[in-house]
Amino acid sequence: MHAVFVDASETLALVMEQQARADDLPIVIHRDPDVSPGDLPTVLGDAAIAIIDHTYLPTAIAKQCAGLKHVVFLGTGARSYMNIEELGELGISVHLIRGYGDTAVAEATIALMWAAARNLALMDREMRAGQWLREDGMQLTGKTLGLIGFGGIGAEVARIAHGSGMQVLAWNRTPKTVAGVNFVDIDTLLRESHVVSLHLLLDDATRGFLSRERIAAMRPGAILVNTARAGLTDEAAMIDALRAGHLRHAALDVFDIEPLPAGHPLTTLPNVTLSAHSAFRTPEASENLIEAALVHCRRIVAGD
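Residues numbered from 1 in each chain as written. Predicted model: local features only at pLDDT ≥ 70, side-chain atom pairs only at ≥ 80, totals over all residues. Heavy atoms only, no water.

Asker: Quick question: what am I supposed to make of the overall build of the protein here?
Answerer: Helices and strands together make up the secondary structure of the protein, namely 12 helices and 12 strands. Radius of gyration (C-alpha) of the protein: 21 Å, near the 19 Å computed for a compact globule of 304 residues. Each principal axis of the C-alpha atoms in the protein carries an extent, and together these give about 60 × 50 × 35 Å. Taken across its 304 residues, the protein has 50% of its residues classed as buried. Within the protein, counting contacts between residues at least 6 apart in sequence, those at least 24 apart form 62% of the total. For the protein, the computed accessible surface area is about 14,100 Å², with 51% contributed by carbon and sulfur atoms. (Helix = DSSP H or I, 4+ residues; strand = E, 2+ residues; numbered from the N terminus. Rg over C-alpha atoms; globule rule 2.2 N^0.38 Å. Buried < 20%, exposed > 50% of the residue type's maximum accessible area, 1.4 Å probe, protein only. Contact = heavy atoms within 4.5 Å. Areas by Shrake-Rupley, 256 points an atom, 1.4 Å probe, with all protein chains shown as cover.)

See below:
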């Protein structure tokens, strides 16, 4: 049995080489983060385990990978890249990695929130173009942050936000009690939050969760932050709300189409701050991620 890391960036390839043990199963590191799905049958050969960072694995392609029995997906968002149920019908198990970058994503969420509140990206763009644009910002001390979803990342965001003097509301699919966090129904959260940040897993139940109706129910002038998955929001409704001024700003790390195409409407709006799906990318998170992937591979070999 052997594994192939099909789409390794140089950074993740080096981390895997450093962390792999002599007694691990053989792992072929394919250093091509831009590998196409159509190349996967050749890249994988007869490998039983595919380690995938961000490459799409259509079911039709998986059928061509004769030896494939396991996919170790580097993160929690595998449903954005493959149909887990259909792969299961082919006898292919998909393994997810949780918690590896909770602090990294939380810090990026806070950074995007502050950048949006103070119009930093807009002023930066204008100054580089020779304009001296001075913008009034939103002071966040004393404001209310609403967290939609309260797992590890949401808890870290709440911790940091408390240190900034913000009040924290949260809505979660399962009841929770956390000191300093007021859990409320979704309508209350949308109505009262100056900033709304998404932290849900994307599945059939949450796809489009922030619908046109829910965006309309948000507090006028609110900021929306999304470091989770783009599919949680109605993108067209979000763009309409930004253009109309109902939303003050959107700070986004995830998109329906990635990489975001040149000329996409989100790139033309002044009240949008964009980052390239990089909230989880820190050396610490990468080390946690690869170690967890290796643990999955060891368990598979052991038959656990």
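Next comes the rest of the account.
Asker: For this particular structure, what's the right way to read helix α7 (residues 152–163)?
Answerer: Because each turn of an α-helix spans 3.6 residues, side chains separated by three or four positions end up pointing in the same direction. Taking 1.5 Å per residue as the helical rise, α7 with its 12 residues ought to reach 16 Å, and the 17 Å between its terminal C-alpha atoms agrees with that figure. All buried positions along α7 are accounted for by Gly-154, Glu-156, Val-157, Ala-158 and Ala-161. The secondary structure elements touched by the buried residues of α7 are α5 (102–117), β6 (144–148), β7 (167–171) and β8 (181–183). Following α7 by one or two positions, Gly-165 adopts a phi angle in the positive range, close to 80°. (Expected span 1.5 Å × (residues − 1).)

Asker: How should the packing of α5 against α7 be read in this particular structure?
Answerer: Helix packing for two helices is described by the angle between their axes and how far apart those axes are. Remark: α5 packs on α7, axes separated minimally by 8 Å, with the N-to-C direction vectors making an angle of 50°. With respect to their mutual orientation, α5 and α7 come out oblique. Helix-helix and strand crossings are classified by hand; for α5 and α7 the assignment is right-handed. Between α5 and α7, the residues in contact are Asp-102, Thr-103, Val-105, Ala-106, Glu-107, Thr-109 and Ile-110 and Gly-152, Ile-153, Glu-156, Val-157, Ile-160 and Ala-161, respectively. (Axes fitted to C-alpha atoms, helices over the stretch in contact; angles between N-to-C directions. Parallel < 35°, antiparallel > 145°, perpendicular 65-115°, else oblique. Left-handed = near helix turned anticlockwise from the far one by under 90°.)

Asker: Please clarify how empty space enclosed by the protein should be interpreted in this entry.
Answerer: One simple way to see leftover space: roll a probe sized like a water molecule over the atoms. Applying the stated rule across the entire model yields 2 cavities of 30 Å³ or more. Its volume calculated, the largest cavity comes out at about 50 Å³. Contributing to the lining of the largest cavity are Asn-226, Ala-230, Thr-233, Glu-235, Met-238, Leu-252, Val-254, Phe-255 and Leu-266. In terms of residue class, the lining of the largest cavity is made up of 6 nonpolar, 2 polar and 1 charged. There is about 30 Å³ of room inside the second largest cavity. For the second largest cavity, the full set of lining residues is Leu-12, Phe-280, Arg-281, Ala-285, Ser-286 and Leu-289. No other element matches the 3 residues that helix α12 (residues 283–302) contributes to the lining of the second largest cavity. Considering only residue class, the lining of the second largest cavity consists of 4 nonpolar, 1 polar and 1 charged. (1 Å grid on protein atoms, 1.4 Å probe; cavity = no way out; pocket = protein on both sides within 12 Å on 5 of 7 lines; lining within 4 Å. Points joined across faces, edges and corners; volume = space filled by probe spheres on them. Nonpolar A, V, L, I, M, F, W, Y, C, P; charged D, E, K, R; others polar.)

Asker: Before we go on, may I ask you to explain the sheet that holds strand β9 (residues 195–198) in this structure?
Answerer: Consider a sheet: its strands pair through backbone hydrogen bonds, and that pairing is either parallel or antiparallel. Reading across from one edge, β8-β7-β6-β9-β10-β11-β12 is the order of the 7 strands in this open sheet, with parallel pairing throughout. A strand with exactly one partner marks an edge of an open sheet, and here the two such strands are β8 and β12 (272–274). When the angles between neighbouring strand axes are averaged without regard to direction, this sheet yields 20°. Summarising the sheet, β7 and β8 pair through 3 bridges and their orientation is parallel. (Pairing = 2+ DSSP bridges.)

Asker: Would you mind going over the pattern of salt bridges with me for this structure?
Answerer: What the rule picks out here adds up to 11 salt bridges. Here Arg-21 ties to Asp-23 by a salt bridge, and the two come within 3.0 Å at their closest N and O atoms. Its relative accessible area of 58% is what places Asp-23 among the exposed residues. Here Asp-24 ties to Arg-298 by a salt bridge, and the two come within 2.6 Å at their closest N and O atoms. Of this pair, Asp-24 sits in the loop between α1 (10–19) and β2 (27–29) while Arg-298 is found in helix α12, placing the two residues 274 residues apart along the sequence. Taking relative accessible area as the criterion, Arg-298 reaches 18% and is therefore assigned buried. One connected set of salt bridges, linked through shared partners, spans Glu-10, Glu-17 and Arg-31. (Salt bridge = Lys/Arg side-chain N within 4 Å of Asp/Glu carboxyl O.)

Asker: Whenever I open this one, the nonpolar core confuses me. Can you help?
Answerer: Within soluble globular proteins, side chains that are nonpolar generally end up buried alongside one another. Ile-148 and Met-238 are the most contacted members of the largest nonpolar core, which totals 31 residues. Of all the secondary-structure elements, those providing two or more residues to this core are β7, α8 (186–192), β9, β10 (222–226), α10 (235–244) and β11 (247–252). Sort the elements by how many residues they give to this core and α10 lands first, with 5 residues. Excluding residues within four positions of it along the chain, Met-238 makes contact with Ile-215, Leu-224, Leu-247, Ala-250, Leu-252 and Leu-266. Formed by 28 residues, the second largest nonpolar core is a distinct cluster that contains Ala-13, Leu-25, Tyr-100 and Ala-104. (Core = buried A, V, L, I, M, F, W, Y, C linked by side-chain atoms within 4.5 Å.)

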